[in-house]
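Remarks on the overall topology
Chain by chain, the residues:
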Amino acid sequence: MKRTILITGGAGFIGSHVVRLFVNKYPDYRIINLDKLTYAGNLANLKDIEDRPNYRFVRMDICDFEGVLNLLQDEKVDGIIHLAAESHVDRSIKDPFTFAKTNVMGTLTLLQAAKLYWESLPEQFDGKRFYHISTDEVYGALEITDPAGVEPPFTTRASSGKHHLAYGTSFFTEDLKYQPHSPYSAAKASSDHFVRAYHDTYGLPVVVTNCSNNYGPYQFPEKLIPLFINNIRHRKPLPVYGKGENVRDWLYVEDHARAIDLIFHEGKIAETYNIGGFNEWKNIDLIKVLIKTVDRLLGNPEGTSDHLITYVTDRAGHDLRYAIDSTKLQRELGWEPSLQFEEGIEKTVRWYLDNQAWMDNVTSGDYQRYYEDMYNNR
Ligand code: NAD
Ligand code: TYD
């Protein structure tokens with residue numbers, strides 16, 4: 001079947017993996033990548049597919065209502081996968097307005113443009129889909145608990161029957177109340193509410209997913225994993241917030257892209273699906289794995305970079321633990337993560353070490369100024 005799909009934020013980290021997957025897997029689809037190319041957007045992420053006949057890049061702000069509406073009409077878009085957002089918690093603490101503008105107003109702009117365009121067609125919403133990509137951070141923070149008196153992590157069993165390492169007995173499920181704490185998660189939560197409101201009020205065919213922390217190639221090195229790989233390589237300090245005891249649930253980015261493909265095609269309208277890795281790590285333990293892996297791959301003796309760990313002032317409002325229960329997605333659509341964490345981390349570290357030119361390119365100019373400012377003010 002021929003389709004025209006607009007992917008927003010396709011020049012960013014997750015978006016570029018989604019664009020690549022769709023362009024390669026669906027030669028009959030036309031894939032339009034709409035991206036403003038902020039500091040986080042980089043067309044080098046898509047070099048390998050940029051000349052494909054089923055792909056077009058459009059530089060545009062999702063807040064540009066006229067531009068978006070014209071594009072939907074001109075290209076006869078019948079599906080939208082919306083990833084464009086400001087995505088870094090630390091930046092949201094410094095500049096919350098930009099997050100409200102892009103994440104809330106930008107999403108609302110897309111929703112309204114999609115509604116107007118699709119309503120103008122004879123078939124209206126038939127065969128259309130607005131897929132909004134959100135985050136687990138909207139649910140707030142979970143506790144770290146040790147019910148059996150055992151020091152976490154302990155092996156537990158989700159309702160799916162899958163075993164995984166966990167730091168507590170509660171998990172984020174789709175029916176949980178939203179309790180965002182950072183300006184980033186508050187803005188994402190607000191955009192999620194608008195998406196659902198457009199379904200409930202106007203009947204727009206929406207689907208929402210909330211995913212845990214992603215890692216893998218092409219992630220901007222302000223996020224923990226690429227930042228630390230780059231710092232280890234350059235023998236720079238590794239700024240561990242607080243005591244490094246916060247817990248995150250890590251998923252390899254290509255597994256997320258696979259889930260997005262599945263849900264875009266088979267997810268039920270108006271449903272929410274949580275996507276997670278069944279893979280909880282305390283920051284400091286993850287950082288030790290990273291150090292070991294980078295040192296090994298660089299041929300350094302074990303322990304060479306341990307001294308780079310530097311405990312710094314904690315992030316304001318730092319959520320203690322995130323952990324997704326993705327049983328619903330597994331049960332209803334048969335998705336589960338394909339990659340073991342050890343394998344994913346090895347692949348990821350290798351990619352960053354082998355792609356130093358990419359790293360040098362994204363860490364010049366504004367990036368240097370941002371980090372100087374950030375660390376001088378800590
Ligand atoms: P990213 O910061 O790497 O990329 C965001 C992209 O959006 C960039 O290409 C940027 O240029 C573009 N963009 C920003 N503002 C725009 C605007 N006004 N108009 C058009 N384009 C704009 O982000 P990411 O990590 O790839 O995250 C993508 C989406 O997935 C976000 O919605 C994020 O909330 C969500 N998410 C991310 C994670 C994660 O771990 N990274 C986890 C769960 C959900
Ligand atoms: P991050 O990659 O920013 O993702 P998120 O805040 O969306 O979870 O951070 C992951 C974890 O690592 C989080 O608990 C904050 C912590 N962290 C540090 O300790 N130091 C750092 O320099 C960064 C960027 C993050």
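Preceding this section is the structure that the text describes.
Now for a look at the structure at hand. (Residues numbered from 1 in each chain as written. Chains lettered and ligands numbered in written order. Predicted model: local features only at pLDDT ≥ 70, side-chain atom pairs only at ≥ 80, totals over all residues. Heavy atoms only, no water.)

As a further point, take the packing of helix α6 (residues 224–233) against helix α10 (residues 341–354). Contact geometry for α6 and α10: axes closest at 10 Å, N-to-C directions at 55°. In terms of axis orientation, α6 runs oblique to α10. The interaxial crossing formed by α6 with α10 has right-handed handedness. Facing Ile-225, Pro-226, Ile-229 and Arg-233 of α6, the residues of α10 in contact are Ile-345, Thr-348, Val-349, Tyr-352 and Leu-353. Class assignment for the residues of the contact of α6 with α10 results in seven nonpolar, one polar and one charged. (Axes fitted to C-alpha atoms, helices over the stretch in contact; angles between N-to-C directions. Helix = DSSP H or I, 4+ residues; strand = E, 2+ residues; numbered from the N terminus. Parallel < 35°, antiparallel > 145°, perpendicular 65-115°, else oblique. Left-handed = near helix turned anticlockwise from the far one by under 90°. Contact = heavy atoms within 4.5 Å. Nonpolar A, V, L, I, M, F, W, Y, C, P; charged D, E, K, R; others polar.)

By the element assignment, Asp-35 lies in strand β2 (residues 29–35). One buried charged residue, Asp-35, remains without a salt bridge, the closest side chain of opposite sign being Arg-59 at 6.8 Å. A polar contact is formed between the side chain of Asp-35 and the backbone nitrogen of Leu-37, at a distance of 2.6 Å. Not counting residues up to four positions away in its chain, the partners in contact with Asp-35 are Gly-9, Gly-10, Ala-11, Gly-12, Gly-41, Phe-57, Val-58, Arg-59 and Met-60. (Buried < 20%, exposed > 50% of the residue type's maximum accessible area, 1.4 Å probe, protein only. Lys, Arg positive; Asp, Glu negative; His and termini not counted. Salt bridge = Lys/Arg side-chain N within 4 Å of Asp/Glu carboxyl O. Polar contact = N/O pair within 3.5 Å; in protein donor to acceptor, adjacent residues only side chain to side chain.)

As a further point, take the site of ligand 1. In the region of ligand 1, 28 residues are neighbours, and Ile-14, Asp-35, Ser-87, Tyr-184 and Lys-188 sit closest. Within the backbone of Thr-38, one N or O atom sits 3.0 Å away from an oxygen atom of ligand 1. Between ligand 1 and the protein, one listed contact pairs a nitrogen atom with a backbone N or O atom of Ile-62 at 2.9 Å. Protein contact buries 97% of the 840 Å² of open area that ligand 1 shows by itself. Put simply, the parts of the chain that give the shell around ligand 1 at least two residues each are α1 (13–25), β5 (129–135), α5 (183–202) and β9 (213–215). (Near = heavy atom within 4 Å. Areas by Shrake-Rupley, 256 points an atom, 1.4 Å probe, with all protein chains shown as cover.)

This part covers helix α7 (residues 253–266). Between its first and last C-alpha atoms α7 spans 20 Å; for 14 residues at 1.5 Å apiece the expected length is 20 Å, and the two agree. Every buried residue of α7 is accounted for by Val-253, Asp-255, His-256, Ala-257, Ala-259, Ile-260, Asp-261, Leu-262, Ile-263 and Phe-264. (Expected span 1.5 Å × (residues − 1).)

The next point concerns α5. Between the first and last C-alpha of α5 there are 28 Å, a value that for 20 residues agrees with the 28 Å anticipated at 1.5 Å per step. Turning to α5, its buried residues are Tyr-184, Ser-185, Ala-187, Lys-188, Ala-189, Ser-191, Asp-192, Val-195 and Tyr-198. Packing partners of the buried residues in α5 comprise α3 (89–94), α4 (96–119), β5 and β8 (206–211). Once α5 finishes, Gly-203 follows within two positions and takes phi at roughly 80°, a positive value.

This part takes up the nonpolar core. The biggest cluster of nonpolar side chains holds 33 residues, and the ones touching the most others in it are Phe-22, Ile-81, Tyr-131, Ile-263 and Ile-275. Ranked by the residues each element gives to this core, the list is headed by α7, at seven residues. Counting 31 residues, the second largest nonpolar core, distinct from the first, contains Leu-339, Trp-351, Trp-358 and Val-362. (Core = buried A, V, L, I, M, F, W, Y, C linked by side-chain atoms within 4.5 Å.)

In this section: the site of ligand 2. Residues in close proximity to ligand 2 total 18 residues, the closest being Glu-137, Pro-239, Arg-248, Arg-315 and His-318. At 2.9 Å, a backbone N or O of Leu-224 approaches an oxygen atom of ligand 2. Within the backbone of Pro-239, a nitrogen or oxygen atom sits 2.7 Å from a nitrogen atom of ligand 2. In the complex, the protein chains occlude 97% of the 510 Å² of accessible area that ligand 2 would expose alone. Among the elements of the structure, α6 and β10 (238–241) are those that each provide at least two residues to the shell around ligand 2. Of the residues belonging to the shell around ligand 2, the class tally is eight nonpolar, five polar and five charged.

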